[in-house]
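Fold and geometry: a report
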Amino acid sequence: MDNKVVYSRLNKVFRDVFDDDSISVTPKTTANDIEDWDSLEHITLINAVEREFGMKFKMGEISSMKNVGEMAAIVAERAKK
């Protein structure tokens, strides 16, 4: 899946989860960049991303993601399979 498509869809998910149309994620976006992104919202976000892309993250992937770029890389890799 093309990175542009991945980020476009991730933007939609982030905007929906955090109810903020001004969000525009980049590869370097982290929880520190989005006001309401706490541990509880992280679970909601992961579930929403999984639904959007029809995939499941592994627990190790979830705990090791440091930014949106790492999330997008996993999504793009899974889309190839």
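Remember, it's a predicted structure, so these values are computed and weren't measured experimentally.

**Some points on the overall build of the protein chain**
Scanning the protein chain for helices and strands turns up four helices and zero strands. Scanning the protein chain from its N terminus toward the C terminus, one meets helices and strands in the order α-α-α-α. Computed over its C-alpha atoms, the radius of gyration of the protein chain comes to 12 Å, within 12% of the 12 Å expected for a compact globule of 81 residues. By the burial criterion, 40% of the 81 residues in the protein chain qualify as buried. Counting contacts in the protein chain only where the partners sit at least 6 residues apart, residues at least 24 apart contribute 49% of the total. Carbon together with sulfur atoms contributes 50% to the accessible area of the protein chain, which is approximately 5,200 Å² in total.

**Section: the environment of Lys56**
Mapped onto the fold, Lys56 is located in the loop between helix H2 (39-53) and helix H3 (59-64). Setting aside residues no more than four positions away along its own chain, Lys56 makes contact with Glu50, Glu61 and Arg78.

**As for the side chain of Asn11**
With respect to the helices and strands, the residue Asn11 is situated in helix H1 (residues 3-18). We classify Asn11 as buried; its relative accessible area is 12%.

**Quick notes on the packing of H1 against H2**
Where H1 meets H2, the closest approach of the two axes is 10 Å, and the angle between their N-to-C directions is 140 degrees. With respect to H2, the element H1 is oriented oblique. The element H1 and its partner H2 pack so that their crossing is right-handed. Between H1 and H2, the contacting residues are Val6, Arg9, Leu10, Lys12, Val13, Phe14, Val17 and Phe18 on the first element and Glu41, Thr44, Leu45, Ala48, Val49, Glu52 and Phe53 on the second. Class assignment of the residues belonging to the contact of H1 with H2 gives a composition of 10 nonpolar, one polar and four charged.

**Points about the packing of aromatic side chains**
Across all of its chains, the model carries three aromatic pairs by this definition. Ring centres 6.0 Å apart and planes at 40 degrees place the aromatic pair Phe14 and Phe18 in the tilted group. Taken together, the positions of Phe14 and Phe18, both in helix H1 and four residues apart, correspond to about one turn of that helix. Judged by its relative accessible area of 0%, Phe14 is buried. Measuring from ring centre to ring centre gives 5.9 Å for Phe18 and Trp37, while their planes differ by 45 degrees; the resulting arrangement is tilted.

**Observations regarding H1**
Because the α-helix completes a turn every 3.6 residues, residues three or four places apart line up on one side. Under the 1.5 Å per step criterion, the end-to-end length of H1 is 22 Å for 16 residues, consistent within 8% with the ideal 22 Å. Of all the residues in H1, the buried ones are Val6, Tyr7, Leu10, Asn11, Val13, Phe14, Val17 and Phe18. Backbone geometry just after H1 places Asp19 at a positive phi near 50 degrees.

Procedures and definitions
- Residues numbered from 1 in each chain as written.
- Predicted model: local features only at pLDDT ≥ 70, side-chain atom pairs only at ≥ 80, totals over all residues.
- Heavy atoms only, no water.
- Helix = DSSP H or I, 4+ residues; strand = E, 2+ residues; numbered from the N terminus.
- Rg over C-alpha atoms; globule rule 2.2 N^0.38 Å.
- Buried < 20%, exposed > 50% of the residue type's maximum accessible area, 1.4 Å probe, protein only.
- Contact = heavy atoms within 4.5 Å.
- Areas by Shrake-Rupley, 256 points an atom, 1.4 Å probe, with all protein chains shown as cover.
- Axes fitted to C-alpha atoms, helices over the stretch in contact; angles between N-to-C directions.
- Parallel < 35°, antiparallel > 145°, perpendicular 65-115°, else oblique.
- Left-handed = near helix turned anticlockwise from the far one by under 90°.
- Nonpolar A, V, L, I, M, F, W, Y, C, P; charged D, E, K, R; others polar.
- Phe/Tyr/Trp six-rings, centres within 6.5 Å; stacked < 30°, edge-to-face > 60°.
- Expected span 1.5 Å × (residues − 1).

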